[in-house]
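Below are the chains, spelled out letter by letter.
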Amino acid sequence: MKLHKTHILDTLREGGSVASRLEQFEPRQAQLDLMKLIIRCFNEDAIGAAEAGTGVGKSFAYLLPALYFAAETRERVVISTATITLQQQLFGKDIPLVQAATGVKLKAVLVKGRGNYLCLRRLEDAMHEPELAGSDEHTAINRIASWAQNSKSGGKDELSFTPAEQVWSQVCSDSELCMGKRCPHLHHCFIQLLRKEAAAARIVVVNHHLLFADLAARREGAGYEAAVVLPPYARVIIDEAHTIEGAATSFFSKEFSKLGIMRHIGRLYRKRKIMRTGLLPRLCSLLPDGDISLNTFVTALDGIRKAASELDKPALELCGFEGTFRFSPNRNNNGAHAALFPLFNTLSKKLLAFTAKVRKCIELLPEETDDDSSVWEIMVILRRFENIAGICAAFTGYQERHSEVMWIERRGSSTDAWAAFTQSPVDLAESLKGSLFSPHKTIICVSATLAVSGSFNYWACRTGAGLIADRPFLTGCFPSPFPYSSAVLLAAPNNAPLPDDPDYQDFVNHSVGELAAIAGGSALILFTSYQSLQSAWLAAHPALQSLGIRCLKQGDDDRTRLLQTFLADTHSVLFATDSFWEGVDAPGDTLRLVILCRLPFRTPNDPVFEARREAVEQNGGNPFMELSLPEAVMKFKQGFGRLMRRSSDRGVVAVLDARLIKKQYGVHFLQSLPETKTSFTSLSGILRDMEDFLY
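Residues numbered from 1 in each chain as written. Predicted model: local features only at pLDDT ≥ 70, side-chain atom pairs only at ≥ 80, totals over all residues. Heavy atoms only, no water.

J.: Just checking my understanding: could you explain the packing of helix α19 (residues 504-519) against helix α20 (residues 530-546) for this structure?
T.: A pair of packed helices is captured by two measures, namely the crossing angle of their axes and the spacing between those axes. One way to put it is that α19 packs onto α20 with a least axis distance of 9 Å and a crossing angle of 40 degrees. When the axis of α19 is compared with that of α20, the two are oblique. In the packing of α19 onto α20, the handedness of the crossing is right-handed. From α19, Q505, V508, N509, V512, G513, A516 and A517 reach across to α20, where they touch S532, S535, A536, A539, A540 and L544. Looking at side-chain class alone, the contact of α19 with α20 contains 8 nonpolar, 5 polar and no charged residues. (Axes fitted to C-alpha atoms, helices over the stretch in contact; angles between N-to-C directions. Helix = DSSP H or I, 4+ residues; strand = E, 2+ residues; numbered from the N terminus. Parallel < 35°, antiparallel > 145°, perpendicular 65-115°, else oblique. Left-handed = near helix turned anticlockwise from the far one by under 90°. Contact = heavy atoms within 4.5 Å. Nonpolar A, V, L, I, M, F, W, Y, C, P; charged D, E, K, R; others polar.)

This is the structure in structure tokens:
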């Protein structure tokens, strides 16, 4: 069945059924061209990659073909996004609008990860925890229980209050803890209800993490015909597709920390005064020699606790000033071997000895205890302990594991830090090819940043999209309709020191204050390191404050609240790092100036990126040109894209890194941007040009 192109395109032409429902609609040829590509992908069972600039209207460009295709073929289409904000906009606003305009009635459902939904069995268990009686935790759990009686979805976002993470983690759904058909609450289960809804839907909106959870389970043996995490599907649209390598890396990584081990231990056993509670005392109450077994288990847990603490201390020391340490086959790690390997082995042995001991006791239990929720949860923690032992083994055998990288990261605060031990895949292209691009008939990937100088090679090679030889691979760049050439001034001072110059940070400290003062605030100042941010904030803050410009900085508040404060005050300045390079939507006078202090090359101490660079080099490639540069260009485009969010927006993007205009590779950054006015002169000249441009 082929989609009828003209009919679908007409909905977004002047006077079309969808166009007429959109406020301030303007015909956009780029949107129609993007829709043509997406229709082709559906009709030709193709893989598609599309870069759609800000303002193209990509969500309508893929929703309309998806809706018509699902209606005409009865096939299911999964739409995956990177952010909850976009998920909610698609499901709550865009899909209903398109359905109402076209008259195409299809069931659509929004599916979030299990951790967002309440588990009634775990809630019941938590309410009967004796040690929680009268505590704030118990009060919060009672409030959740009261809400659950009338909740339709059991979704956390329905709650009228935000429970503490430690409270919600005790009552939320967890795939490993799910008792399935043995659960006493099966017929009222929110997850079962959600699965029925998803099975009946033709449009399923998810996030990338959930999509990868489903793909991983299918590739590991669940197959592509049955319901797994999601109902079966053959057509996928991935929005914000520039993030899929990072999302997949996060999903396929394994990690543990002392903090996590302590939480598991606390779930198994806690003692307050003479009261002994937790899962193990409940298990031992089912055993004939319960007290003896419990004492043995407690001694074993003390040993695990001690081993985890003894491993944590030298691991933190290895992380040093950089905050990370990688076990690299290309570096002499003898000191790390001596410091950590015996401790990895000790922790692993203690974890495995404990799990063997508990499993032996569980085998002695009578059959009627098979459905006991305490036993079920203990088994889950035992599997997690065994996984941790497996990660310990991976660390000590890192020299033989060429497709993975083992690394340690310091987390927490300076006064309360702990080490996280992570095992990550080096290359995901083959995994994504095998799980995503090969098995599905249509895969459409869209983003504002997928191409480098008009080429999709970098993204396609990294994600495996370009490894499919027997399928059409359709690509296209669809430029923003916004008037960049008249509305944006791109500035870069030619007298700026290069970033490796000792005077560079002083130049940044001085420049950001002067630039933000000329703009009267309304500035987003983006850094690649928190240390540089802190230095610039301290230098610029007094002068800007004296001008009535409020200086906000990342780390002073929760990201969402910080952004809301910035958006509410049109004269404020926000100093921010990594996570603010994308996803900030500040139209109008809220944002007249974006300062990119440095070209966003990944820092050399990033362990996964370092391993990927080495892999490119070992294959005879150029890691700078094939990996570092294209990744930095894509991130740079994200930062640049913060300025223009509406066609009426106007402002300046200032880049304080002279490599943009002094290094040969700077042309790759410039070629990836829309045409703008430019000012590549001294800082004083830029300040004059900026004043003329803005006022």
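Still more to cover.
J.: I would appreciate a short explanation of the nonpolar core in the present structure.
T.: Counting 79 residues, the largest nonpolar core has F437, W459 and F669 as the members making the most contacts within it. When residues of this core are assigned to their parent elements, the largest contribution, 7 residues, is made by helix α23 (residues 623-640). For F669, the contacting residues outside a window of four places in its chain are L599, F601, L629, A632, V633, F636 and L660. By size, the runner-up hydrophobic cluster in this structure holds 51 residues, among which are L283, C284, F344 and A419. (Core = buried A, V, L, I, M, F, W, Y, C linked by side-chain atoms within 4.5 Å. Buried < 20%, exposed > 50% of the residue type's maximum accessible area, 1.4 Å probe, protein only.)

J.: I would appreciate a short explanation of the sheet that holds strand β9 (residues 324-327) in the present structure.
T.: Paired through backbone hydrogen bonds, the strands of a sheet run either parallel or antiparallel to each other. If you trace the 4 strands from one edge of the open sheet to the other, you get β6-β11-β10-β9, paired in antiparallel fashion. Since the sheet does not close on itself, it has two edges, and those belong to β6 (254-257) and β9, each with one partner. Adjacent strand axes in the sheet meet at a mean angle of 20 degrees when their direction is disregarded. Examined bridge by bridge, β6 and strand β11 (residues 417-425) share 4 bridges and lie antiparallel to one another. If you follow F256 over to β11, its bridge partner there is F421. Packing of helix α11 (residues 258-268) onto the sheet brings it into contact with β6 and β11, and relative to β6 it is tilted by some 75 degrees. (Pairing = 2+ DSSP bridges.)

J.: What am I meant to see in unusual backbone geometry here?
T.: Peptide bonds are, in most cases, trans, and in most cases residues other than glycine have a negative phi. Phi angles above zero are rare outside glycine, and D45 is one such case at about 50 degrees. Assignment of secondary structure puts D45 in the loop between α2 (29-43) and β1 (47-52). Even without being glycine, R74 reaches a positive phi, approximately 65 degrees. Within the fold, R74 resides in the loop between α3 (58-73) and β2 (77-81).

J.: What am I meant to see in the sheet that holds strand β13 (residues 473-478) here?
T.: Read across the open sheet, the 7 strands follow the order β3-β4-β2-β5-β12-β1-β13; overall the sheet is parallel. The strands lining the two open edges of the sheet, one partner per strand, are β3 (108-110) and β13. With strand direction ignored, the average angle separating the axes of adjacent strands in the sheet is 15 degrees. In terms of strand pairing, β2 meets strand β4 (residues 203-207) through 5 bridges, oriented parallel. Looking at the pairing, T81 lines up with N207 of β4.

J.: Help me out: how do you make sense of empty space enclosed by the protein in this one?
T.: Left-over empty space is what a probe sized like a water molecule reveals as it rolls over the atoms. Counting across every chain of the model gives 2 cavities of 30 Å³ or more. Here the largest cavity is characterised by a volume of approximately 170 Å³. Forming the walls of the largest cavity are 18 residues, and the residues nearest its centre are R114, C119, C178, C183 and C189. For the lining of the largest cavity, the elements supplying multiple residues, two or more each, are α5 (120-127) and α8 (190-200). By residue number, the principal contributor to the lining of the largest cavity is α8, which donates 3 residues. Residue composition of the lining of the largest cavity, by class: 11 nonpolar, 4 polar and 3 charged. (1 Å grid on protein atoms, 1.4 Å probe; cavity = no way out; pocket = protein on both sides within 12 Å on 5 of 7 lines; lining within 4 Å. Points joined across faces, edges and corners; volume = space filled by probe spheres on them.)

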